[in-house]
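What follows is the residue order along each chain.
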Amino acid sequence: MECVVQGIIETQHVEALEILLQGLCGVHKERLRIHELCLKSSPNLGVVSSEVRLLCDLEQPEPTWTVRHVGGAMRGAGAEQISVLVRTMVESKVSKNVLRLFYTLGYKLDHELLRVGFAFHFQRVAQITVTVSSVNKMLKLHATDEAVPVTPGIQLVEVTAPASSENYSEVVAAVSSFCEYLAPLLHLSKPGISTGVVPTAAAAAASLMSDGGGTTL
């Protein structure tokens, strides 16, 4: 399982967000350049169609591949009352031949994206990852060098943390608590719930840029 929240921020405020995250996380950022391919299978003989994502890490000297399958979200009264999405997720490292394998299995490419930005990884009850990235689309098949922004001037912020059925409550609390520190710059919510940019972002960014951050948890 994983806990996840998302939000957006204007590109002009990303440097201020980076300063804040550096202070909060206490670790150095990692550069991010991920080629993401979404594959879907066609319903066959009554089998429900499925979707997988292949992630190619282009920041590595030799690009590495990961396959990820995101399942259903936790449901029920408890799930409705929390601000963090809890969902099943399976992820595994794979070889560079993975795309050919899924094509052989009958999957077809639905769309592909290039995410460029940075990430912070730190420990708070669980291993929390914060990614800030520009989401880009390809004008030609697999042409990552020619990718253009899907939403110019806007970047996606995502906070994720692995969880289990035994500890997800603690992980949700840790993620929610961390998100409160980012509230002046952006609002983070369950994926699919758009809240737009935060009105206080400009003032908060100006303050962070002037004092250089320094907040620590």
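Whatever comes next refers back to the structure up there.
Residues numbered from 1 in each chain as written. Predicted model: local features only at pLDDT ≥ 70, side-chain atom pairs only at ≥ 80, totals over all residues. Heavy atoms only, no water.

K.L.:
What's the story with the overall build of the chain in this structure? I'm lost.
P.N.:
Of the regular secondary structure elements, the chain holds 5 helices and 9 strands. Listing the helices and strands of the chain from first to last along the sequence gives β-α-β-β-β-α-β-α-β-β-β-β-α-α. In terms of overall size, the chain behaves like a compact globule, its C-alpha atoms giving a radius of gyration of 18 Å where 217 residues would be expected to give roughly 17 Å. Taking as baseline every contact in the chain between residues at least 6 positions apart, the subset at least 24 positions apart corresponds to 66%. (Helix = DSSP H or I, 4+ residues; strand = E, 2+ residues; numbered from the N terminus. Rg over C-alpha atoms; globule rule 2.2 N^0.38 Å. Contact = heavy atoms within 4.5 Å.)

K.L.:
I'm lost on the side chain of Arg115 in this one. Help?
P.N.:
Tracing the chain through its elements places Arg115 in strand E6 (residues 107-124). Side-chain polar atoms of Arg115 contact the side chain of Glu36, separated by 3.0 Å. Each residue touching Arg115, except ones within four places of it in the same chain, is listed here: Leu32, Arg33, Ile34, Glu36, Ser133, Ser134, Val135 and Leu156. (Polar contact = N/O pair within 3.5 Å; in protein donor to acceptor, adjacent residues only side chain to side chain.)

K.L.:
Would you mind going over the environment of Ser164 with me for this structure?
P.N.:
Mapped onto the elements of the fold, Ser164 is located in the loop between strand E9 (154-162) and helix H4 (168-182). On the basis of relative accessible area, Ser164 is assigned to the partly exposed category, the value being 25%. Sequence spacing of Ser164 and Arg87 is 77 residues, and the spatial spacing of their C-alpha atoms is 10.0 Å. (Buried < 20%, exposed > 50% of the residue type's maximum accessible area, 1.4 Å probe, protein only.)

K.L.:
Help me understand the packing of aromatic side chains in this model?
P.N.:
Both the distance between ring centres and the angle between the ring planes are used here to describe each pair of aromatic rings. In total, this model carries 3 aromatic pairs according to the counting rule given. Ring geometry for Phe122 versus Phe178: centroids 5.0 Å apart, planes at 45 degrees, classification tilted. Of this pair, Phe122 sits in strand E6 while Phe178 sits in helix H4, and the two are 56 residues apart along the sequence. The same class applies to Phe122 and to Phe178, which are both buried. The ring of Phe118 has Lys29 lying over it, and the distance from NZ or CZ to the ring centre is 5.2 Å. (Phe/Tyr/Trp six-rings, centres within 6.5 Å; stacked < 30°, edge-to-face > 60°. Lys NZ or Arg CZ within 6 Å of the ring centre and 35° of its normal.)

K.L.:
Would you explain the pairing of strand E1 (residues 2-10) in this entry?
P.N.:
Two faces make up the sheet, and in a regular strand the side chains alternate between them. The sheet contact formed by E1 and strand E5 (residues 85-94) spans 3 bridges and is antiparallel. Across the sheet, residue Val4 finds its bridge partner in E5, namely Leu85. (Pairing = 2+ DSSP bridges.)

K.L.:
How should the nonpolar core be read in this particular structure?
P.N.:
Soluble globular proteins: nonpolar side chains tend toward being buried together. Ranked by size, the top nonpolar core spans 37 residues in total, and within it Leu17, Leu21, Val175, Phe178, Leu182 and Leu185 carry the most contacts. Counting only elements with at least two residues in this core, the list comes to E1, helix H1 (14-25), E6, strand E7 (126-137), E9, H4 and helix H5 (201-211). Of all hydrophobic cores here, the second largest spans 11 residues; its members include Trp65, Leu99, Phe102 and Tyr107. (Core = buried A, V, L, I, M, F, W, Y, C linked by side-chain atoms within 4.5 Å.)

K.L.:
Sorry if this is basic, but what is going on with the pairing of E9 here?
P.N.:
In terms of burial, E9 is largely enclosed, as 7 of its 9 residues are buried. Judged from the 9 bridges that link them, E1 and E9 form a sheet pairing that is antiparallel. Looking across to E9, one finds that Val4 is bridged to Thr160. Note: E7 against E9, 5 bridges, orientation antiparallel. Bridging from a neighbouring strand, Val132 pairs with Val157 of E9.

K.L.:
Help me understand unusual backbone geometry in this model?
P.N.:
What is expected of a backbone is that most residues other than glycine have negative phi and most peptide bonds are trans. You will see that Val125, though not glycine, has its phi angle at about 70 degrees, which is positive. Its location among the elements puts Val125 in the loop between E6 and E7. Here the phi dihedral of His142 falls at roughly 60 degrees; this positive angle occurs in a residue that is not glycine. Along the polypeptide, His142 turns up in the loop between E7 and strand E8 (148-149). Since its relative accessible area comes to 33%, His142 is described here as partly exposed.

K.L.:
Explanation requested: the pattern of salt bridges in the structure shown.
P.N.:
As a working rule, side chains carrying opposite charge can pair if their charged atoms are close by. Scanning the model with the defined rule gives 11 salt bridges in all. A salt bridge links Glu51 to Arg53, with the shortest nitrogen-to-oxygen separation between them at 3.2 Å. The exposure class assigned to Glu51 is partly exposed, which follows from its relative accessible area of 29%. Overall, Arg53 belongs to the partly exposed group, its relative accessible area being 22%. The salt bridge partner of Glu146 is Lys140, with a shortest N-O separation of 3.9 Å. The exposure class assigned to Glu146 is partly exposed, which follows from its relative accessible area of 39%. (Salt bridge = Lys/Arg side-chain N within 4 Å of Asp/Glu carboxyl O.)

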